[in-house]
Amino acid sequence: MTVDTIGRFERALEGLEVEFERVAAADASERIDAVADAPAVGAALPYEGVSLPEAVTIEPTTAELEAARTGVTPVGFAIAEYGSVAVESTADGAEPIALYPDRHVAVVPESDVVPNLSAGFDRLADGFDAGRDSVVFATGRSATADMGDLVHGVHGPGEVHVIVLEDR
């Protein structure tokens, strides 16, 4: 990863009207708590020393997922070139947690932000070789113009916030 990969990722997210911040892993739980609107649901974060705030419900029921304003998930990797995050299918339901609530808070280690689509495909191939078989690429807020004017938040979250763990 080049030094500017994170800067490129940040600029791509800014163009997509996605909120972005870099935080130390030790501060991640506090920052997630600050940006998550209640009620919030989440998938466990697999990063040492990083946990979800107590206010975030892990392994939500269908009713809790339907009522949630915020979904917090880890992402397998991010592609700086496009500002995309790769939400991997997990047993604890990261995909619906990322897609159903109005606001998605995506958490990704800095070391998992790749510069371009080619590097993203390499990461995808590695994941498939390791047995993972489903990934959703999310680029910005959900948007559609199927019925005329551009509308956000119809097929997924209308707000996205990316937290990059700067020391991971």
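The present account deals with the structure reproduced in this document. (Residues numbered from 1 in each chain as written. Predicted model: local features only at pLDDT ≥ 70, side-chain atom pairs only at ≥ 80, totals over all residues. Heavy atoms only, no water.)

With respect to the packing of aromatic side chains
Step number 1: Taken as a whole, this structure holds 2 aromatic pairs when the rule is applied.
Step number 2: On the basis of an interplanar angle of 85° and a centroid distance of 6.1 Å, the ring pair of Phe9 and Phe20 is categorised as edge-to-face. You can see Phe9 sitting in helix H1 (residues 4-15) and its partner Phe20 sitting in strand S1 (residues 19-23), a full 11 residues away along the chain. As far as the burial class goes, Phe9 and Phe20 line up, both buried. (Phe/Tyr/Trp six-rings, centres within 6.5 Å; stacked < 30°, edge-to-face > 60°. Helix = DSSP H or I, 4+ residues; strand = E, 2+ residues; numbered from the N terminus. Buried < 20%, exposed > 50% of the residue type's maximum accessible area, 1.4 Å probe, protein only.)

Focus on the nonpolar core
Step number 1: Of all hydrophobic cores here, the largest spans 24 residues; its most connected members are Phe9, Val85, Val108, Val113, Val162 and Val164.
Step number 2: Those elements giving two or more residues to this core turn out to be H1, strand S6 (84-88), helix H4 (94-99), strand S7 (103-109) and strand S12 (159-165).
Step number 3: Aside from chain neighbours lying at most four places away, what touches Val164 is Ile6, Phe9, Phe20, Glu21, Arg22, Val23, Val108, Pro109 and Glu110.
Step number 4: One finds Val23, Ala25, Ala28 and Val72 within the second-largest nonpolar core, a separate group that totals 17 residues. (Core = buried A, V, L, I, M, F, W, Y, C linked by side-chain atoms within 4.5 Å. Contact = heavy atoms within 4.5 Å.)

Digging into the pairing of S7
Step number 1: A large share of S7 lies buried, amounting to 7 of its 7 residues.
Step number 2: Along S7, one buried face is formed by Arg103, Val105, Val107 and Pro109 and the opposite face, lined by His104, Ala106 and Val108, is buried too.
Step number 3: Direction of pairing for strand S4 (residues 70-74) relative to S7: parallel, over a ladder of 5 bridges. What sits directly across from Pro74, in S7, is Val107. (Pairing = 2+ DSSP bridges.)

Details of the sheet that holds strand S3 (residues 56-58)
Step number 1: Spatial strand order, S1-S12-S7-S4-S2-S3: 6 strands in an open sheet with parallel pairing. Edge positions in the sheet fall to S1 and S3, since each of these pairs with one other strand and no more. Neighbour to neighbour, the strand axes of the sheet diverge by 25° on average, direction disregarded.
Step number 2: Both S1 and S12 contribute to a ladder of 5 bridges, which runs parallel. By the bridge assignment, Glu21 is partnered in S12 with Ile163. (Axes fitted to C-alpha atoms, helices over the stretch in contact; angles between N-to-C directions.)

Side note on the sheet that holds strand S5 (residues 77-79)
Step number 1: Pairing is mixed in the open sheet, where 4 strands are placed in the order S8-S5-S6-S9. Every interior strand has two partners, whereas the edge strands, strand S8 (113-114) and strand S9 (135-139), have only one.
Step number 2: Sheet analysis places S6 next to S9, joined by 5 bridges and oriented antiparallel. Counted as the bridge partner of Val87 is Val136 from S9.
Step number 3: Each of S5, S8 and S9 is contacted by helix H5 (residues 117-129), which is oriented at about 160° to S5, the strand it contacts most.

Structural notes on a nonpolar patch on the surface
Step number 1: On the surface, a nonpolar cluster with roughly 300 Å² of combined accessible area is contributed by Tyr82, Leu117 and Phe121.
Step number 2: Position of Tyr82 among the secondary structure elements: in the loop between S5 and S6. (Patch = residues over 30% accessible without salt bridge, like charges linked within 9 Å, V, L, I, M, F, W, Y side chains within 5 Å. Areas by Shrake-Rupley, 256 points an atom, 1.4 Å probe, with all protein chains shown as cover. Salt bridge = Lys/Arg side-chain N within 4 Å of Asp/Glu carboxyl O.)

The values reported here are purely geometric and, on their own, carry no functional implication.
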